[in-house]
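Here is what each chain is made of, one letter per residue.
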Amino acid sequence: MPALQLRIRFAAAIPCLLAVLCTACSAASSSTGSKGYISGTGAITVFDPAQRKPAPVLRGSDLGGQPLLIRSSASFTVINVWAAWCGPCRAEADDLVQAASRLPGVAFYGVDIRDVRSAAQAFVRRFSVPYPSLFDPSGSSLLGFHDTVTITSPPTTVVIDAQGRVAAVVSGELTATTLVGLVHDLARKA
């Protein structure tokens, strides 16, 4: 085979070879599957009272554009980080609504991240979410938790004790039974 023909065939094969290699590398290194994000496992982290750190005060606007301030209350406070596009967030929405009704003395808030306002509003209407949510498309309000917990993706639920300290975090989807039991356990050990 003449050298020129060999170079032409080799040059034509390079894009195909690169495509195969790139596809193999991206498939092997992807930990997010087809979701495009890494979801939590539902793992619960409970902090010993002596090790708890103060929760941040979160400021911004709610889904309707009105000012919203999220801080701890005289009882427990539950903050759920969610997004309308998040499948596990949709799956747990009814459970959070049930938990809020079963824990009437607990303050509930949401923090909607990486969303558009209209999608977030539709989510709240669809699931009849009774508590306010901070609209935070950039997720910048969550930086206030940097000294206490790492919130990597929705859904994540943070439980704050009556002293304003982060008491527990659930990374991933949860059920009403899990959340109600967690708050009751934390209250008994307070």
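Residues numbered from 1 in each chain as written. Predicted model: local features only at pLDDT ≥ 70, side-chain atom pairs only at ≥ 80, totals over all residues. Heavy atoms only, no water.

J.: Account for the packing of helix H2 (residues 87-102) against helix H4 (residues 176-188), naming residues and giving values.
T.: Where H2 contacts H4, the two axes come as close as 8 Å, and the packing angle between them is 35 degrees. Considering how the two elements wind past one another, H2 and H4 form a crossing that is right-handed. Every residue of H4 that contacts H2 at Asp95, Leu96, Gln98, Ala99 and Arg102 is listed here: Ala176, Thr177, Leu179 and Val180. Taken together, the residues that form the contact of H2 with H4 break down as 5 nonpolar, 2 polar and 2 charged. (Axes fitted to C-alpha atoms, helices over the stretch in contact; angles between N-to-C directions. Helix = DSSP H or I, 4+ residues; strand = E, 2+ residues; numbered from the N terminus. Left-handed = near helix turned anticlockwise from the far one by under 90°. Contact = heavy atoms within 4.5 Å. Nonpolar A, V, L, I, M, F, W, Y, C, P; charged D, E, K, R; others polar.)

J.: Outline the confidence of the model for the protein, supporting the account with residue identities and numerical values.
T.: Scored by pLDDT, the protein comes out at a mean of 84, with 79% of its residues at no less than 70. Within the model, pLDDT remains below 50 along residues 10-37, and this stretch shows 9 contacts once partners closer than five positions in the same chain are excluded. (pLDDT = per-residue confidence, 0-100.)

J.: Give me the lowdown on H4, citing residues and values where you can.
T.: Spanning 13 residues, H4 covers 18 Å between terminal C-alpha atoms, matching the ideal 18 Å at 1.5 Å per step. Buried positions along H4 lie against strand S1 (43-46), strand S4 (77-82), H2, strand S5 (107-113), strand S7 (156-160) and strand S8 (166-171). (Expected span 1.5 Å × (residues − 1).)

J.: Summarise the packing of H2 against helix H3 (residues 117-127); cite the residues concerned and give the values.
T.: For any two helices packed against each other, the geometry is given by the interaxial angle and the distance between the axes. Contact pair H2 / H3: the axes reach a minimum separation of 10 Å and the direction vectors enclose 50 degrees. With respect to H3, the element H2 is oriented oblique. The crossing of H2 and H3 is right-handed. Between H2 and H3, the residues in contact are Cys89, Arg90, Ala93, Asp94 and Val97 and Phe123, Arg126 and Phe127, respectively. A class-by-class count of the residues in the contact of H2 with H3 yields 5 nonpolar, no polar and 3 charged. (Parallel < 35°, antiparallel > 145°, perpendicular 65-115°, else oblique.)

J.: Let's hear about H3: which residues, and what values?
T.: By the burial criterion, the buried members of H3 are Ala120, Phe123, Val124 and Phe127. Projected down its long axis, H3 shows its buried positions confined to an angular sector of 95 degrees, all on one face. Turned more than 90 degrees off the buried face of H3, the exposed positions are Arg125 and Arg126. Buried residues along H3 sit against S4, H2 and S5. The first or second residue beyond H3 is serine 128, which carries a positive phi of 50 degrees. (Buried < 20%, exposed > 50% of the residue type's maximum accessible area, 1.4 Å probe, protein only. Arc of directions from axis to C-beta.)

J.: An account of the packing of aromatic side chains is requested, with residue identities and associated values reported.
T.: Throughout the structure, instances matching the rule amount to 3 aromatic pairs. Between tryptophan 82 and phenylalanine 123 the ring centres are 4.4 Å apart and the planes differ by 20 degrees, which places this aromatic pair in the stacked class. With tryptophan 82 in strand S4 and phenylalanine 123 in helix H3, this pair connects stretches of sequence that are 41 residues apart. Here tryptophan 82 and phenylalanine 123 have matching classes, each one buried. A network of ring pairs unites the aromatic residues Trp82, Phe123 and Phe127 as a single cluster. (Phe/Tyr/Trp six-rings, centres within 6.5 Å; stacked < 30°, edge-to-face > 60°.)

J.: Residues and numbers for the sheet that holds strand S3 (residues 67-70), please.
T.: Taken in spatial order, the 8 strands line up as S1-S8-S7-S4-S5-S6-S2-S3 in an open sheet, and their pairing is mixed. A strand with exactly one partner marks an edge of an open sheet, and here the two such strands are S1 and S3. Between one strand axis and the next, the sheet turns by 30 degrees as a mean value, whatever way the strands run. Bridging between strand S2 (residues 58-62) and strand S6 (residues 133-136) involves 2 bridges; their strand directions are antiparallel. Its bridge partner being in S6, aspartate 62 is matched across the sheet by leucine 134. Its contacts with the sheet place H3 against S2, S4, S5 and S6, and it is angled at close to 125 degrees to S4. Packed on one face of the sheet, H4 meets S1, S4, S5, S7 and S8 and runs near 25 degrees to S7. (Pairing = 2+ DSSP bridges.)

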